[in-house]
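Listed here are the chains, written in short residue letters.
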Amino acid sequence: MKSWASIAIPPLASRFKIPNLNIFDSAQQARSPIAKKDRYRIYVCGITPYDATHLGHANTYIAFDLMNRYLRATGSEVLFVQNITDIDEPLLERANRDGVDWRELAASQIELFRSDMVALRILPPAHYIGAVEAIPLVIDAITLLEKSKTVYKVDDDYYFRVRSDSELGKRSHMTQSQMMEIFSQRGGDPQRVGKEDPLDALLWLAKRPDEPGWESKYGVGRPGWHIECCAIALGYLEIDPSQDTSIDIQGGGSDLIFPHHEMSASQARAMNGKRFAANYVHAGMIGLDGEKMSKSKGNLKFVSQKLKDGVDPMEIRIALMSHHYRQDHMWESTELNSAQKFLDDLRIALSRMEVAPTDGVIEEIIAALSDDIDTPRALKALQGWITKTIDGATGGKPGELSRAIDALLGIAI
Ligand code: ZN
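Residues numbered from 1 in each chain as written. Predicted model: local features only at pLDDT ≥ 70, side-chain atom pairs only at ≥ 80, totals over all residues. Heavy atoms only, no water.

Caption draft 1: Geometry of the pattern of salt bridges. According to the stated counting rule, one finds 30 salt bridges in the structure shown. Here R192 ties to D155 by a salt bridge, and the two come within 3.1 Å at their closest N and O atoms. Of the two residues, R192 sits in the loop between helix 5 (176-185) and strand 8 (201-206) while D155 sits in the loop between strand 6 (151-154) and strand 7 (157-160), which places them 37 residues apart along the sequence. On the basis of relative accessible area, D155 is assigned to the exposed category, the value being 63%. Residue D189 is joined to K195 by a salt bridge in which the shortest nitrogen-to-oxygen separation is 2.6 Å. Among the residues examined, K195 registers a relative accessible area of 12% and is labelled buried. Ionic contacts of the salt-bridge type, sharing partners, join the residues R31, R326, E364, D371, D372 and R377 into one network. (Salt bridge = Lys/Arg side-chain N within 4 Å of Asp/Glu carboxyl O. Helix = DSSP H or I, 4+ residues; strand = E, 2+ residues; numbered from the N terminus. Buried < 20%, exposed > 50% of the residue type's maximum accessible area, 1.4 Å probe, protein only.)

See the structure below:
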C-alpha cells in the first residue's frame, strides 16, 4: 500500500553528541538503553480504517515518530514498518451500520489517515502494508506454524496454540484471569466450543455469509489480526539471521499490550524460533470528559476536524507532546490555546536576528528525548530559551535551533 509523502529531516551539527535512547519497556517493566546499532527495526501497529485519526491515534504515532527521529539522529538507519488492518470485524460492523461498502469506508479512512500523518509531520513508514495485500504472507506464516505443530482447526477456522509459547503472559504481566477477561473484551473468543485453550488465537477465519473472503490453501477466508501483524513484521523488516531477536521495537497504544502484542510475539517466536522484539513500547490512552477516547464511547476528537477548524497541526503536535507519551490523560480543549501561544512565541523568538544562546537548549532537548522521550522536559527547555530571548539575551544561532527542533521534535517553524 502507498505510504505517505516523505519528510526531509535537517541534519544536526556534528558537535552535538547523541546518547543512546533510554526507553521504558513494558515487558521488562523497566527503562533500559537501546544498544547502539547501525540499523534498527521498528514495527508499529496501525489503525483499522473506520475512525481515523483521533487524538489517541495521533498521540501514539507522534510518540513513535519521535523515537524514529531520535534513532536517526544517532546516525543509524531505521527500518520502520506499519500495517493497516483493512479487513477486520470492526470495519465490517461499521460499514454495515452506516450502509456503506467496507472497501469504500476503508479507502476513504486510509486516505484521511495519510493526510493527517503528513499534516502532523509523522515520518512515513518504509513499508505501509494492508492486511488484504498481506494475505500471501499470512498464508506462508500459517504454513510455518503448522510445521511447528501449533495449528489446529475448529470447524473451518484455524487457531494457534498459544500455550506452545512458554513466554505467554510474561510480556504483558497478566494473570490467567486477567488475560481471560481482557481477551473477550478485545476481540477474542474464549467461549468458542472446540478450542483447545480459551486463549488460542484465530489465524484464519473461514468466509461467513455476506462477508468477504480470499482464496487460500486454508479455504476461502480472511486473516486473524495477530497473525497479520507478525507476518507483516517478519516479512518486511528484513530479519537478520545472525541476531537472536527479530526486531528492536514493537510499538503501539497500551490497549494492544494484551492480547495483540502478546499473541503476535508468541506466533512470531513459533515461526522463526527467535524472541520477537527486544523492546515492547506503548503509548498511553487519551481520554475525554473522564473516559477513554474510543469508538464505543462515541467521544472521539479527530485531527481532520481540528485542521478543518483552522488549527495549525503543529499546535496539535505540541499539545500532545506537552504530556509524556506513556501518560494516560484527559484531553482539554484549552491545551490547544496553550500550544498556540507556545508556537507563536517560539516562531517570533526564532525570527529575531539576535537570540539567546542555543547550544544549551539543543543539548537539553537531546537529553530530554534520550530519557524515554521526555517531551514535557524538552518543551520546558524551549520555553526557558524563549523567555531568555525575549529578555534580550544574545549569542545564539536561530537557524541551528530551528533545524534541531524540526529534526528532533518534528515541529516545523
Ligand atoms: Zn498489530
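Caption draft 2: Representation of the packing of helix 11 (residues 359-370) against helix 12 (residues 375-390) in the model. It is at 8 Å that the axes of helix 11 and helix 12 come closest, and there the two elements cross at 170°. By the criterion of interaxial angle, the relationship of helix 11 to helix 12 is roughly antiparallel. Contacts between helix 11 and helix 12 involve V361, E364, I365, A367, A368 and L369 from the first element and T375, R377, A378, A381, L382 and W385 from the second. Taken together, the residues that form the contact of helix 11 with helix 12 break down as nine nonpolar, one polar and two charged. (Axes fitted to C-alpha atoms, helices over the stretch in contact; angles between N-to-C directions. Parallel < 35°, antiparallel > 145°, perpendicular 65-115°, else oblique. Contact = heavy atoms within 4.5 Å. Nonpolar A, V, L, I, M, F, W, Y, C, P; charged D, E, K, R; others polar.)

Caption draft 3: Quick peek at the side chain of T245. Tracing the backbone through its elements, the reader meets T245 in strand 10 (residues 245-253). Here T245 falls in the buried class, since its relative accessible area comes to 9%. Side-chain polar atoms of T245 contact the side chain of D244, separated by 3.4 Å. At a separation of 3.2 Å, a polar atom in the side chain of T245 contacts the side chain of R275. Among all residues touching T245, those that are not within four sequence positions of it are K274, R275, F276, A277 and A278. (Polar contact = N/O pair within 3.5 Å; in protein donor to acceptor, adjacent residues only side chain to side chain.)

Caption draft 4: Structural detail: the packing of helix 12 against helix 13 (residues 398-409). Where helix 12 contacts helix 13, the two axes come as close as 13 Å, and the packing angle between them is 165°. Between helix 12 and helix 13, the interaxial angle falls into the category roughly antiparallel. Classified by chirality, the crossing of helix 13 by helix 12 is left-handed. Contacts from A378, L382 and W385 of helix 12 reach helix 13 at L401, I405 and L409. Counted by class, the contact of helix 12 with helix 13 contains six nonpolar, no polar and no charged residues. (Left-handed = near helix turned anticlockwise from the far one by under 90°.)

Caption draft 5: Up close: helix 5. When helix 5 is considered as a whole, its buried residues turn out to be M179, I182 and F183. The arc that holds the buried residues of helix 5, viewed along the axis, is 110°, so those residues lie on one side. Opposite the packed face of helix 5, turned more than 90 degrees from it, sit the exposed residues S177, E181 and Q185. Along its buried surface, helix 5 packs onto helix 7 (257-272). Backbone geometry just downstream of helix 5 places G187 in the positive-phi region, at approximately 90°. (Arc of directions from axis to C-beta.)

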